[in-house]
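Close look at the chain arrangement
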Amino acid sequence: MSEFFKNILTISYEGKDSKNPLAFKFYNPNEIIAGKPMKEQLKFVLSWWHTMGGDGTDMFGCGITDKT
């Protein structure tokens, strides 16, 4: 796990009825869709600059981070 999130365990699939805010409700990485597991169909990525380093600006709109 990342050095920045040492206290957060791996987020797992718990289903749509889960009350856990840090659980996947609909994304089940091992569910087979069109012959491939979801983890191969939907690869999640994080852009450090847009989400953590910048003001949240991306190609879809203006910044979303309030730095005041």
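Residues numbered from 1 in each chain as written. Predicted model: local features only at pLDDT ≥ 70, side-chain atom pairs only at ≥ 80, totals over all residues. Heavy atoms only, no water.

Once that is clear, we can look at the overall build of the protein. A tally of helices and strands in the protein yields two helices and two strands. Burial analysis of the protein (68 residues in total) assigns 13% to the buried set. Here the analysis covers contacts within the protein between residues at least 6 apart in sequence; of these, 2% occur between residues at least 24 apart. Total accessible area on the protein is roughly 6,200 Å²; 59% of this is exposed by carbon and sulfur atoms. (Helix = DSSP H or I, 4+ residues; strand = E, 2+ residues; numbered from the N terminus. Buried < 20%, exposed > 50% of the residue type's maximum accessible area, 1.4 Å probe, protein only. Contact = heavy atoms within 4.5 Å. Areas by Shrake-Rupley, 256 points an atom, 1.4 Å probe, with all protein chains shown as cover.)

When pLDDT is averaged along the protein, the result is 76, and 59% of the positions lie at 70 or above. Mean pLDDT in the protein bottoms out at helix α2 (residues 48–53), which sits at 55, and peaks at strand β1 (residues 32–33), which reaches 91. (pLDDT = per-residue confidence, 0-100.)

With that settled, the discussion passes to a nonpolar patch on the surface. Judged by side-chain polarity, Phe-4, Phe-5, Ile-8, Ile-11 and Leu-22 come together as a nonpolar surface patch covering roughly 460 Å² of accessible area. Tracing the chain through its elements places Phe-5 in the segment before β1. (Patch = residues over 30% accessible without salt bridge, like charges linked within 9 Å, V, L, I, M, F, W, Y side chains within 5 Å. Salt bridge = Lys/Arg side-chain N within 4 Å of Asp/Glu carboxyl O.)

Bringing the side chain of Asn-28 into the picture now. If you trace the backbone, Asn-28 turns up in the segment before β1. On the basis of relative accessible area, Asn-28 is assigned to the buried category, the value being 18%. Among residues more than four places away in sequence, those in contact with Asn-28 are Tyr-13 and Met-38.

Positive phi is not limited to glycine here, since Ala-34 has a value of about 50 degrees. If you trace the backbone, Ala-34 turns up in the loop between β1 and β2 (36–37).

Moving on, we get to the environment of Glu-31. Among the structural elements, Glu-31 can be located in the segment before β1. Residue classification places Glu-31 among the partly exposed positions, given a relative accessible area of 35%. Setting aside residues no more than four positions away along its own chain, Glu-31 makes contact with Lys-36, Pro-37 and Met-38.

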